[in-house]
Amino acid sequence: MKPTNPVFTGIETTIFETMSRLAMAHDAVNLGQGFPDVDGPLDIREAAGKALVDGPNQYPPMLGLPELRLAVASANKRFYGLDIDWQSQVIVTSGATEALADCIMALVEPGDEVILIEPLYDCYLPLVKRAGGIPVRLRVTPPSWSLDLEALKAAFSPKTKALLINNPMNPAAKVFSDEELSAIASLCVEHDVYAICDEVYEHLVFDGAAHRPLMTYPGMAERSLRIGSAGKTFSLTGWKVGYITGAPHLIDPIAKAHQYVTFTTPPNLQKAVAFGLAKGNDYYDGLADDLAGKRDLMAKGLEALGFKVLPCAATYFLTCDITGLGIGETDVEACQRMVEEAGVAVVPVSAFYGGEAPTNFIRFCFCKQDHVIEEAMTRLSNWIAPAAIAS
Ligand code: PMP
Ligand code: GLN
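A brief structural summary. (Residues numbered from 1 in each chain as written. Chains lettered and ligands numbered in written order. Predicted model: local features only at pLDDT ≥ 70, side-chain atom pairs only at ≥ 80, totals over all residues. Heavy atoms only, no water.)

Okay, the site of ligand 2 next. Around ligand 2 sit Phe-16, Gln-33, Gly-34, Tyr-121, Asn-170, Tyr-201, Phe-317 and Arg-363, and those are all the residues in its vicinity. Residue Gln-33 places a side-chain N or O atom 2.7 Å away from an oxygen atom belonging to ligand 2. Side-chain polar atom of Tyr-121 to a nitrogen atom of ligand 2: 3.4 Å apart, as the coordinates give it. Class assignment for the residues of the shell around ligand 2 results in four nonpolar, three polar and one charged. (Near = heavy atom within 4 Å. Polar contact = N/O pair within 3.5 Å; in protein donor to acceptor, adjacent residues only side chain to side chain. Nonpolar A, V, L, I, M, F, W, Y, C, P; charged D, E, K, R; others polar.)

This part is about the sheet that holds strand S4 (residues 134-141). In space, the eight strands of this open sheet follow the order S2-S9-S8-S7-S6-S3-S4-S5, with mixed pairing throughout. Only two strands of the sheet have a single partner each, and these edge strands are strand S2 (90-93) and strand S5 (146-147). In terms of strand pairing, strand S3 (residues 113-118) meets strand S6 (residues 160-166) through four bridges, oriented parallel. Bridged to Glu-113 within S6 is Thr-160. (Pairing = 2+ DSSP bridges. Helix = DSSP H or I, 4+ residues; strand = E, 2+ residues; numbered from the N terminus.)

The next subject is the nonpolar core. One recurring pattern in soluble globular proteins: nonpolar side chains tend to sit buried together. Formed by 135 residues in total, the largest nonpolar core has its most connected members in Leu-214, Phe-234, Leu-302, Phe-307, Met-338, Phe-364 and Leu-380. Ranked by residues supplied to this core, first place goes to helix H11 (residues 281-304) with nine residues. In contact with Leu-214, not counting residues within four places along its chain, are Ile-165, Leu-181, Ile-184, Ala-185, Ala-195, Cys-197, Glu-199, Met-220 and Ser-224. (Core = buried A, V, L, I, M, F, W, Y, C linked by side-chain atoms within 4.5 Å. Buried < 20%, exposed > 50% of the residue type's maximum accessible area, 1.4 Å probe, protein only. Contact = heavy atoms within 4.5 Å.)

With that out of the way, let us pick up the layout of surface pockets. Quantified by volume, the largest pocket comes out at close to 1,200 Å³. If you go around the largest pocket, you meet 46 residues; those closest to its centre are Thr-14, Ile-15, Phe-16, Asp-122 and Cys-123. Elements that contribute at least two residues to the lining of the largest pocket include exactly helix H1 (15-25), helix H4 (95-107), helix H5 (124-130), helix H8 (230-233) and helix H12 (331-342). When residues of the lining of the largest pocket are assigned to their parent elements, the largest contribution, five residues, is made by H1. For the lining of the largest pocket, the class distribution of residues is 24 nonpolar, 15 polar and seven charged. (1 Å grid on protein atoms, 1.4 Å probe; cavity = no way out; pocket = protein on both sides within 12 Å on 5 of 7 lines; lining within 4 Å. Points joined across faces, edges and corners; volume = space filled by probe spheres on them.)

Under the counting rule described, the total for this entry stands at 19 salt bridges. For Asp-54, the salt bridge is made with Lys-50, and the minimal N-O distance between the two is 2.4 Å. Of the two residues, Asp-54 and Lys-50 are both situated in helix H2 (residues 42-54); the distance of four residues between them amounts to about one turn of the helix. Here Asp-370 and Lys-294 are joined by a salt bridge, their closest N and O atoms 3.1 Å apart. One end of the pair, Asp-370, is in helix H13 (residues 370-390); the other, Lys-294, is in helix H11, and 76 residues separate them in sequence. Overall, Asp-370 belongs to the partly exposed group, its relative accessible area being 39%. Look at Lys-294 and you get buried, because its relative accessible area is 12%. Several salt bridges share partner residues, and in doing so they unite Glu-109, Asp-112 and Lys-161 into one network. (Salt bridge = Lys/Arg side-chain N within 4 Å of Asp/Glu carboxyl O.)

Bringing the pairing of S6 into the picture now. Most of S6 sits inside the fold, with seven of its seven residues counted as buried. As defined by bridge partners, S6 adjoins strand S7 (residues 194-198) across five bridges and the pair is classed as parallel. In the strand pairing of S7, Asn-166 is matched with Asp-198. In this fold, the crossover linking S6 to S7 by way of helix H7 (residues 178-190) has right-handed handedness. (Right-handed = clockwise from strand over helix to strand, strands pointing away.)

Another aspect to go through is the site of ligand 1. In the vicinity of ligand 1, the residues found are Gly-95, Ala-96, Thr-97, Tyr-121, Asn-166, Asn-170, Asp-198, Val-200, Tyr-201, Ser-229, Lys-232 and Lys-240. In the model, an oxygen atom of ligand 1 is placed 2.8 Å from a nitrogen or oxygen of the Ala-96 main chain. Placement of ligand 1 is best described as lying within the largest pocket. At three residues, H4 tops the list of elements feeding residues into the shell around ligand 1. (Sits in = over half its atoms within 2 Å of the grid points.)

This paragraph deals with helix H9 (residues 248-261). For H9, built from 14 residues, the straight-helix expectation of 20 Å at 1.5 Å per residue is met to within 8% by its first-to-last C-alpha distance of 20 Å. Burial in H9 covers these residues: Leu-250, Ile-251, Ile-254, Ala-255, Ala-257 and His-258. Close packing links the buried residues of H9 with S2, H4, S7, strand S8 (224-229) and strand S9 (242-246). Two residues or fewer past H9, Phe-263 is found with a positive phi of approximately 70 degrees. (Expected span 1.5 Å × (residues − 1).)

What follows is the structure in structure tokens.
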């Protein structure tokens, strides 16, 4: 038979699905895939339930329900001072993943270079390749995960069409600095490059720090696409409701991609997310504070076990250096052993690279109930301590 498309043929199932399947098979505490183990606010879920029962449950407008597009526009004003016209500058999508696919399909032509920053989220590379784009990979390096500004400059060429940035960044748990964002913005302007900004962790930023969208930098409003996800903002990852904000001339072709990918998103979920976005600052502050507390609980537990825990300014994730722990030669081996022998599932950071990758970092997800984090630490302690005594 004729070959199926090589970008997707024979590639591995995502590391998140793989580790969740292994977690189930080994009855492990799942600290792999990034999802909270308590669902988000009851009133948002009730709003979705009521809208489901009351209806209508027919196709909503292709760009999204007006009330959700209005809510996205006003959230942009409220949090970042951005003036967004809800009718021409917002598209509701079925998750940030669809938003990424729509943006890449609408902007990238075969032969265009697209700058990506490793460690990178799993769908970026295949989506860019499937669009015919040529990925140009840069990296931020642990433990500080800072961006080499000379390398950044060198990554731009006359063929660069777009830069894709994940800020705050999974799995590095990094918030890009003002210096880094300013450098990215001025290079995008200088080289006439679009910025696809995956900002799904925009509200999961800790220790009083604030997220600043690349779109707010000089010259970036007309060339940036800002992607958010209700899954992250409301701890409802299974809902897959995302939103894109951008200039009308970019939203127009992206809407044309969206119309043939999903066309629309369940109306009851859209209504409920509109309700959620209008929540007071106490909700947003509480979400970040609660997660920061979990981060600290897990970091303390891991450090006591000998893991070198890297700084974490945002997201759901803690990255640890496993060098010298004796739990595996590589991150992949350590993760495999940890799920099978300790009953704790985590993710190898090398999975977030398209080429040669560091193999001494693993990622723990901390958006879990405190007793679940404690159970994982107990399991790890029971596993690591005898190994340490034996060696
Ligand atoms: N981007 C990043 C960086 C992510 O970690 C995730 C995981 N949720 C997504 C995009 C996908 O978001 P969604 O579930 O809304 O599609
Ligand atoms: N974003 C989640 C993570 O990084 C995974 C989402 C998924 O499984 N597709 O863990």
